[in-house]
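Descriptive structure summary
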Amino acid sequence: ADAELGTYTHFMEKEIFEQPAALENTMRGRFSEDGSTAQFGGLNISAVDLRQVDRIHFLACGSAWHSCLVTEHLIEHFARVPVEVDYASEFRYRNMPLGNNTLFFTVSQSGETIDTLAALREAKRKGYKVLAVSNVVGSTIAREADGGVYQHVGPEIGVASTKAFTSQILLGAMLGLYLGRMRDMSFSDGVEIVKALKGAPDLVRRTLEQAPHIKAIAQRYAHFHDFLFLGRLSLFPVALEGALKLKEISYIHAEGYPAAEMKHGPIALISEKCPSVFFVSSGEMFHKVISSMQEIKARKGPIIAIATEACELPEGLADEVIRIPECHEAVLPVVATVPVQLLSYYIADALKRDVDKPRNLAKSVTVE
Ligand code: G6P
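Residues take numbers from 1 onward in each chain, read along the sequence in its written order. Only residues with pLDDT of 70 or above have their local features reported here, since the model is predicted, and side-chain atom pairs are shown and tallied only from 80 upward, although totals for entire chains, interfaces and linings are computed over all residues.

Structural notes on the overall build of the protein chain
Helix numbers and strand numbers start at the N terminus; a helix is a DSSP run of H or I with at least 4 residues, a strand a run of E with at least 2. A count of helical and extended segments in the protein chain gives 14 helices and ten strands. It is over C-alpha atoms that the radius of gyration is taken, and the globule rule equals 2.2 Å times the number of residues to the power 0.38. In summary, the protein chain has a C-alpha radius of gyration of 20 Å against a globular reference of 21 Å for 368 residues, a match within 12%. By definition, residue pairs are in contact when their C-beta atoms, positioned from the backbone, come within 7 Å. Counting contacts in the protein chain only where the partners sit at least 6 residues apart, residues at least 24 apart contribute 75% of the total.

Structure below.
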């Protein structure tokens with residue numbers, strides 16, 4: 001066994017459990033002294049220029065692309081700046097009209113993904129400033145970008161991204177806060193978000209305590225061949241990421257959808273043979289998600305609910321319930337990701353898959 005693994009069996013497992021510390025490292029030194037906003041040392045763009053930005057275009061691949069979809073939600077919500085998210089591989093070949101005050105961000109854990117690098121070069125060629133979010137200091141994307149933010153979560157060895165993904169979403173919330181505070185967001189709203197962000201490592205730690213419960217569920221569900229992952233708003237991209245994790249390491253077919261969109265197609269797949277993983281949080285979407293769950297239940301689909309503590313689920317609706325702490329919307333997608341990481345990890349492990357080196361996949365794809 002690898003000495004670096006310590007008491008863990010796989011790097012993916014280690015990296016999942018490392019997340020509280022990884023998130024601390026992502027945030028370290030990145031809040032203003034007055035505790036009302038985020039600060040970044042390497043953006044290399046003045047506050048005046050940043051204030052002029054009226055659209056932000058994110059480019060990425062794989063899990064990093066999912067993280068951008070969460071970030072889109074958070075930036076639009078906190079800063080009211082319109083955000084566009086593209087697959088890096090598609091952006092390059094699209095002929096899309098771009099505005100003058102558009103800022104580009106590429107997001108890449110490795111900083112070496114060729115599609116993302118090519119998209120960065122294309123955006124620069126068009127005369128735009130391109131910033132990067134990356135975990136690898138000195139990586140090609142980090143070097144070629146005009147500035148950016150390092151994730152500081154330490155090396156990620158498992159092919160399936162875990163701590164890098166949650167750190168990217170956390171940075172998305174911090175960017176939303178930063179851009180929001182130089183626009184309409186009040187001091188007190190800023191303070192509230194900073195407090196919530198600082199609490200993320202602890203919320204993740206509490207969620208990780210569910211591991212034995214999630215492992216038991218995984219062992220009961222590992223024999224299924226199809227899964228749906230369903231969530232709304234910022235939890236829709238978390239559903240996409242949950243489905244991707246399961247596909248990548250267990251080779252089980254899975255799809256992520258916005259919960260309400262499920263009735264426009266995926267519901268045809270539902271039977272006792274296709275479980276659905278639902279994200280349920282209290283708030284405006286609660287009742288709508290419950291009614292989507294009822295539609296699944298009426299068609300005999302097994303349901304695994306990942307629900308915040310305050311959600312009172314109707315008796316007998318979910319077959320399995322995984323509880324996560326009630327939390328601020330700035331950190332909810334981070335916290336909600338943890339159970340799907342654990343679920344896919346334990347399912348893949350139950351199936352004896354090569355968790356850290358799944359077939360056909362590479363940690364970083366450097367050919368187009
Ligand atoms: C590969 C990996 C994925 C990763 C994607 C983007 O496909 O298997 O886990 O999300 O590349 O990688 P990057 O390093 O650019 O974030």
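A short note on the sheet that holds strand 1 (residues 55–60)
Paired strands, in this sense, are two strands between which DSSP finds at least two bridges. In space, the five strands of this open sheet follow the order 2-1-3-4-5, with parallel pairing throughout. A single partner strand is all that each edge strand has here, and the edge strands are strand 2 (83–87) and strand 5 (147–150). Strand-to-strand twist in this sheet, taken as the mean axis angle between neighbours without regard to direction, amounts to 20°. Bridge count for strand 1 against strand 2 is five bridges, and the pairing is parallel. Among the inter-strand pairings, F58 is bridged to a residue of strand 2, identified as V85. In this analysis an axis means a line fitted to C-alpha atoms, helices contributing only their contacting stretch, and an angle means the value between N-to-C directions, from 0 to 180 degrees.

A look at the sheet that holds strand 9 (residues 303–308)
Across the sheet, which stays open at both edges, the five strands sit in the order 7-6-8-9-10 with parallel pairing between neighbours. Edge positions in the sheet fall to strand 7 (253–258) and strand 10 (320–324), since each of these pairs with one other strand and no more. Adjacent strand axes in the sheet meet at a mean angle of 15°, parallel and antiparallel pairs treated alike.

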